Number of protein chains: 2
Amino acid sequence: MQLKNQVEWALHCCSILAGVPEGHFLSSKALAEFHGVPKEYLAKALQALSQAGLVETTLGPSGGYRLAKKPKDITFLDIVEAVEGKGSTFVCTEIRGNNPCLPEGHCNRGACAIARVMWEADAAWRAKLRAVRLSDVAKMLVEDVPAKILGDVAEWVRVRS
Amino acid sequence: MQLKNQVEWALHCCSILAGVPEGHFLSSKALAEFHGVPKEYLAKALQALSQAGLVETTLGPSGGYRLAKKPKDITFLDIVEAVEGKGSTFVCTEIRGNNPCLPEGHCNRGACAIARVMWEADAAWRAKLRAVRLSDVAKMLVEDVPAKILGDVAEWVRVRS
DNA sequence: GACCCGGTACTCGGATATAATATGTCCGAGTCTGTACGG
DNA sequence: CCGTACAGACTCGGACATATTATATCCGAGTACCGGGTC
């Protein structure tokens, strides 16, 4: 099991979009160039974000994407679920129903014990992702990345938006 | 992203193997019949468990599988990792390195902020799985499943092992 | 009667096809911008 | 000089191929059991 690359791309793109000046948009082409990934394919990830209502789009020259909410109101989980879907990582196919020892017409009450455990773990994963907001990334970057580079990136975004 | 069906099968199989009488084995054929899944394919999941050292095998008539450790010493994480691999669900491809604003020869120190968050969530997921042991499943089943059925299953296993 | 030996049937393990999904690419519909023209 | 209409170019969005992974299946190597033969 492995998350799609698009998840990583979407997260990085949102992190960049958070720095787009008010009222401006950043095109998928610019985002693709910035991250060094195929433009056409990255567009699919951005589409998913758009359908999830996380980003807004505009067509035409100087069009592109921008966040639809404030960075404070977008969680990692929002982005991950937009790309990967909201379904649980574990799906119970109820194979316990094939148990030959079950009496005819037996009906299992509630979820099976194994599924419960797996779903709990899944919930813990999602809880961790829900706890981190896009605004938190900005703070981390300030600590990690030299101010000079941060400034250059901001300038690069400003020019392309 | 979705876990393989084999994970579910492996968990259920281990839960059954925990009830095999001391010194006996249960064949993949029996496990497949019990769960109503293709025998040959289930064997792959059991192979993974075997390679991970979770189960022991014997060939020949009355051969098959049995747990290599006590149910108390086998966690859900052990089983999941045996089938899915130990790799993180999130892989960082370091696309930040493609950032055009980076000075020549710039070397990123430490993991990128986004990867750190994703890995933390992954760790939380694994921690939940590590906290549940195979022996806990037996307790849950006692609460969920009528004693009559539990007894029938134990008898079924005894006959086939 | 006890021991040894060989055949048989059953087991696991890895190598091999098929289906589903993730990855990557392409083209068309729509719209904003910039310019040229007319008032 | 200002407003308007139009052409162009750029955007997103979905439809279309390819690569990788998951699913399912098959066959061979190896071993424990069982029966017969021998001491």
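Residues numbered from 1 in each chain as written. Chains lettered and ligands numbered in written order. Predicted model: local features only at pLDDT ≥ 70, side-chain atom pairs only at ≥ 80, totals over all residues. Heavy atoms only, no water.

### Side note on the interface of chain B and chain A
Using the following cut-off: Residue contacts are defined here by distance: any two heavy atoms, one from each residue, within 4.5 Å place the two residues in contact. Note on definitions: buried area is the accessible-area loss of two parts on being combined, 1.4 Å probe, summed for both. Whenever Lys or Arg places a side-chain nitrogen within 4 Å of a carboxyl oxygen from Asp or Glu, that contact is recorded as a salt bridge. Any pair of nitrogen or oxygen atoms within 3.5 Å is treated as a polar contact; in protein, a donor-acceptor pairing is required on top of that, and neighbouring residues in sequence qualify only through side-chain atoms on both sides.
At the junction of the two partners, chain B supplies 54 residues and chain A supplies 54 residues. Carbon and sulfur atoms make up 71% of the surface buried where chain B meets chain A, a total of about 5000 Å² over both sides. Of all residues in chain B, the largest losses of buried area upon contact with chain A belong to Met1(B), Ile95(B) and Ile114(B), amounting jointly to 16% of the total for that side. The interface formed by chain B and chain A holds four salt bridges in total. Note that Asp144(A) and Arg116(B) form a salt bridge whose closest N and O atoms lie 3.0 Å from each other. Viewed at the interface, chain A and chain B are joined by 10 residue pairs in polar contact (both at pLDDT 80 or more).

### Describing the relation of the copies chain B and chain A
Formally: A residue counts toward the fit only if its pLDDT is at least 70 in both copies, and the copies are then superposed by least squares on the C-alpha atoms of those residues.
Laying chain B over chain A is done by rotating through 180 degrees and shifting 0.0 Å along the axis; what remains is an RMSD of 0.1 Å. Accordingly, the operation relating the two chain copies is best matched by a two-fold axis. No C-alpha of chain B approaches the rotation axis more nearly than that of Trp125(B), which lies at 2.4 Å.

### Some details on the pairing of strand β1 (residues 55-58) of chain B
Residues and elements named next belong to chain B. The line we're drawing: Between any two strands, pairing holds if DSSP finds at least two bridges. Note on conventions: DSSP H or I runs of at least 4 residues are helices, E runs of at least 2 residues are strands, and numbering of each starts at the N terminus.
As paired strands, β1 and strand β2 (residues 64-67) are joined by four bridges and run antiparallel to one another. Following the sheet pairing, glutamate 56 is matched in β2 by arginine 66. Where β1 hands over to β2, the hairpin turn is made up of five residues, of which glycine 60 adopts a positive phi near 80 degrees.

### Quick notes on the nonpolar core
Formally: Each nonpolar core is a collection of buried residues, namely Ala, Val, Leu, Ile, Met, Phe, Trp, Tyr and Cys, held together in the definition by side-chain atoms within 4.5 Å. Here's how the labels work: a residue is buried when its accessible area is under 20% of the maximum for its type, exposed when over 50%, partly exposed in between, all with a 1.4 Å probe on protein chains only.
Counting residues in each nonpolar core, the largest one holds 104 residues, and the members touching the most others are Met118(A) and Met118(B). Filtering out sequence-adjacent residues up to four positions away, Met118(A) remains in contact with Phe90(A), Leu3(B), Val7(B), Leu11(B), Phe76(B), Val80(B) and Leu129(B).

### Description of the environment of Asn108(A)
Residues and elements named next belong to chain A. Relative to the elements of secondary structure, asparagine 108 occurs in the loop between α4 (76-84) and α5 (113-130). Here asparagine 108 falls in the partly exposed class, since its relative accessible area comes to 29%. Separated by 14 residues in sequence, asparagine 108 and aspartate 122 have C-alpha atoms that sit 23 Å apart. Polar side-chain contacts of asparagine 108 include one of 3.2 Å to the side chain of histidine 106.

### Looking at the packing of aromatic side chains
All names here are of chain B. Selection rule: For this analysis, a ring pair means two rings from Phe, Tyr or Trp (six-membered ring only for Trp) whose centres lie within 6.5 Å, classed as stacked if their planes differ by under 30 degrees, edge-to-face if by over 60, and tilted for the remaining angles.
A complete count under the given rule lists four aromatic pairs over all chains for this structure. Measuring from centroid to centroid gives 5.4 Å for tryptophan 9 and tyrosine 41, while their planes differ by 80 degrees, and the two rings are edge-to-face. Taken as a pair, tryptophan 9 in helix α1 (residues 5-17) and tyrosine 41 in helix α3 (residues 39-51) lie far apart in primary sequence, 32 residues in all. The class for tryptophan 9 is buried, based on a relative accessible area of 8%. Using a relative accessible area of 39% as the deciding quantity, one classes tyrosine 41 as partly exposed.

### A few points about the protein's contact with DNA strand C
This is how it is decided: If even one non-hydrogen atom of a residue comes within 4 Å of a molecule or strand, that residue is called near it.
Neighbouring DNA strand C are 22 residues, the closest being Pro61(A), Ser28(B), Gln47(B), Gly60(B) and Tyr65(B). Among the atoms of DNA strand C lying within 4 Å of the protein, the sugar-phosphate backbone contributes 63%. Contact distances for DNA strand C include 2.8 Å between a phosphate oxygen and a side-chain N or O atom of Gln47(B). Separating a sugar or linking oxygen of DNA strand C from a backbone N or O atom of Gly60(B) is a distance of 3.1 Å. When residues of the surface near DNA strand C are traced back to their parent elements, those giving at least two are α1 (5-17) and α3 (39-51) of chain A together with α3 and β2 of chain B.

### Here's the deal with the environment of Ala124(A)
Note on placement: Ala124(A) falls in helix α5. Apart from residues no more than four positions distant in its own chain, Ala124(A) is found in contact with Ala124(B) and Lys128(B).

### Here we look at the side chain of Thr89(B)
Here Thr89(B) shows up in the loop between α4 (76-84) and α5 (113-130). A distance of 2.8 Å separates the side chain of Thr89(B) from the side chain of Asp122(B), its partner in a polar contact. Those residues in contact with Thr89(B) that sit more than four places away from it in its chain are Met1(A), Gln2(A), Leu3(A), Trp125(A), Met1(B), Asp122(B), Trp125(B) and Arg126(B).

### Focus: the protein's contact with DNA strand D
Stated precisely, the cut-off is as follows: Classification used: nonpolar for Ala, Val, Leu, Ile, Met, Phe, Trp, Tyr, Cys and Pro, charged for Asp, Glu, Lys and Arg, polar for all others including Gly.
Within the structure, DNA strand D sits among 22 residues, and Ser28(A), Gln47(A), Tyr65(A), Glu40(B) and Tyr41(B) are positioned closest to it. Contact distances for DNA strand D include 3.2 Å between a base nitrogen and a side-chain N or O atom of Glu40(B). Counting only elements with at least two residues in the surface near DNA strand D, the list comes to α3 and β2 (64-67) of chain A together with α1 and α3 of chain B. Class assignment for the residues of the surface near DNA strand D results in seven nonpolar, 12 polar and three charged.

### Details of the packing of α1(B) against α3(B)
Two measures define how a pair of helices packs: the angle their axes make with one another and the distance between the axes. Residue and element names in this part refer to chain B. Under the convention used in this document: Angles shown run from 0 to 180 degrees and are taken between the N-to-C directions of axes, each axis being a line fitted to C-alpha atoms and, for helices, limited to the stretch in contact. Angular relationships are summarised with four words: roughly parallel below 35 degrees, roughly antiparallel beyond 145, roughly perpendicular across 65 to 115, and oblique for the angles in between.
Relative to each other, α1 and α3 sit at 70 degrees, their axes nearing to 9 Å. One finds that α1 runs roughly perpendicular with respect to α3. Facing Gln6, Trp9, Ala10, Cys13 and Cys14 of α1, the residues of α3 in contact are Tyr41, Leu42, Lys44, Ala45, Leu46 and Leu49. Partitioned by chemical class, the residues of the contact of α1 with α3 number nine nonpolar, one polar and one charged.

### Regarding unusual backbone geometry
The phi angle at Ser62(A) is positive, at roughly 60 degrees, despite the residue not being glycine. You can call Ser62(A) exposed: its relative accessible area is 64%.

On their own, these measurements won't tell you what the molecule is for.
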